[in-house]
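# Secondary and tertiary structure notes
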Amino acid sequence: SHVVLFFFLFFFSRRRRHTRYISVTGVQTCALPISRGFARAEIASEALPRLHASRAVIEAAASADRAVYGVNTGFGQLASVKIPPDRLRLLQVNLIHSHASGLGAPLPVETVRALMVLRANSLVKATSGVRALIPERLVQMLNTGIHPVVPEQGSVGASGDLAPLSHIAWGLIGHGDVDVKKSPN
């Protein structure tokens with residue numbers, strides 16, 4: 001029994017010293033080792049210039065006097081309604097809040113972690129104009145063991161992922177419930 005205990009302690013102490021990192025590239029990222037806590041995530045360095053360039057396009061369009069759907073306008077039938085600059089942050093927060101409408105038991109942490117990895121990877125593609133801070137924060141949450149509580153039921157719209165992703169975003173901006181566990185890796 002001492003041999004088993006020694007092996008267990010040796011293996012896990014060495015595992016922590018030699019942490020495996022998996023890059024979130026925006027192309028192909030293996031979510032399973034990260035979601036299960038066998039590896040840590042990191043944003044690929046080559047993704048940062050893409051993210052900054054994509055964000056610059058959004059900021060330039062929004063700073064001009066033209067309407068950019070969902071950035072400085074309402075949504076759906078309110079797409080023609082221009083939102084004043086001092087209300088843009090509130091617009092985004094309200095959008096997340098309105099879609100964080102799931103219910104039921106929370107998804108397993110491993111599932112939420114997989115969603116977070118996949119969302120970070122999707123954002124790193126740099127096609128949505130988000131600030132680099134958003135995928136970076138998702139990765140920080142993963143690596144420190146902070147996981148939004150995501151209900152297992154509920155969706156908004158045809159895509160089927162708006163409610164779960166909104167619960168993740170709601171936790172990301174400090175409004176939703178989160179589980180805080182010791183970092184799994």
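All of these numbers come straight from a predicted model, not from anything done at the bench.

## Structural notes on the packing of aromatic side chains
Under the counting rule described, the total for this entry stands at one aromatic pair. Their ring planes at 85 degrees and their centres at 5.9 Å tell us that Y69 and F75 sit as a pair that is edge-to-face.

## Re the layout of surface pockets
By volume, the largest pocket is sized at about 1,500 Å³. Q92, L95, I96, V130 and I134 are, among the 33 residues lining the largest pocket, the residues nearest its centre. Among the secondary structure elements, those contributing two or more residues to the lining of the largest pocket are α3 (47-63), α4 (88-99), α5 (109-124), α6 (133-144) and α7 (162-172). The dominant element in the lining of the largest pocket, judged by the number of residues it contributes, is α4, at seven residues.

## Examining the packing of α5 against α7
Two numbers describe how α5 lies on α7: the axes approach to 11 Å, and their chain directions differ by 90 degrees. When the interaxial angle is binned, α5 and α7 end up roughly perpendicular. Between α5, through V112, L115, M116 and R119, and α7, the contact on the second element is made entirely by P164, L165 and I168. In terms of residue class, the contact of α5 with α7 is built from six nonpolar, no polar and one charged.

## Digging into the nonpolar core
Counting 25 residues, the largest nonpolar core has V24, I34 and M116 as its most contacted members. Contributing elements (two or more residues each) for this core: β1 (21-24), α2 (31-35), β2 (40-43), α3, α5, α6 and α7. Beyond its immediate sequence surroundings of up to four residues, V24 is in contact with T29, A41, E42, I43, A44, A120, N121, V124 and V139.

## Structural notes on the pattern of salt bridges
Going through the model one piece at a time under the given rule, you end up with two salt bridges. With a shortest N-O distance of 3.0 Å, E110 and R36 are connected by a salt bridge. Taken together, the residues span a long stretch of sequence, with E110 in helix α5 and R36 in the loop between α2 and β2 at a distance of 74 residues. With a relative accessible area of 37%, E110 lands in the partly exposed category. Between R55 and E59 there is a salt bridge, with its nearest N and O atoms 3.1 Å apart. Here R55 pairs with E59, and both are found in helix α3, just four residues apart, close to one helical turn. You can call R55 partly exposed: its relative accessible area is 26%. The exposure class assigned to E59 is partly exposed, which follows from its relative accessible area of 44%.

Criteria and cut-off values
- Residues numbered from 1 in each chain as written.
- Predicted model: local features only at pLDDT ≥ 70, side-chain atom pairs only at ≥ 80, totals over all residues.
- Heavy atoms only, no water.
- Phe/Tyr/Trp six-rings, centres within 6.5 Å; stacked < 30°, edge-to-face > 60°.
- 1 Å grid on protein atoms, 1.4 Å probe; cavity = no way out; pocket = protein on both sides within 12 Å on 5 of 7 lines; lining within 4 Å.
- Points joined across faces, edges and corners; volume = space filled by probe spheres on them.
- Helix = DSSP H or I, 4+ residues; strand = E, 2+ residues; numbered from the N terminus.
- Axes fitted to C-alpha atoms, helices over the stretch in contact; angles between N-to-C directions.
- Parallel < 35°, antiparallel > 145°, perpendicular 65-115°, else oblique.
- Contact = heavy atoms within 4.5 Å.
- Nonpolar A, V, L, I, M, F, W, Y, C, P; charged D, E, K, R; others polar.
- Core = buried A, V, L, I, M, F, W, Y, C linked by side-chain atoms within 4.5 Å.
- Buried < 20%, exposed > 50% of the residue type's maximum accessible area, 1.4 Å probe, protein only.
- Salt bridge = Lys/Arg side-chain N within 4 Å of Asp/Glu carboxyl O.

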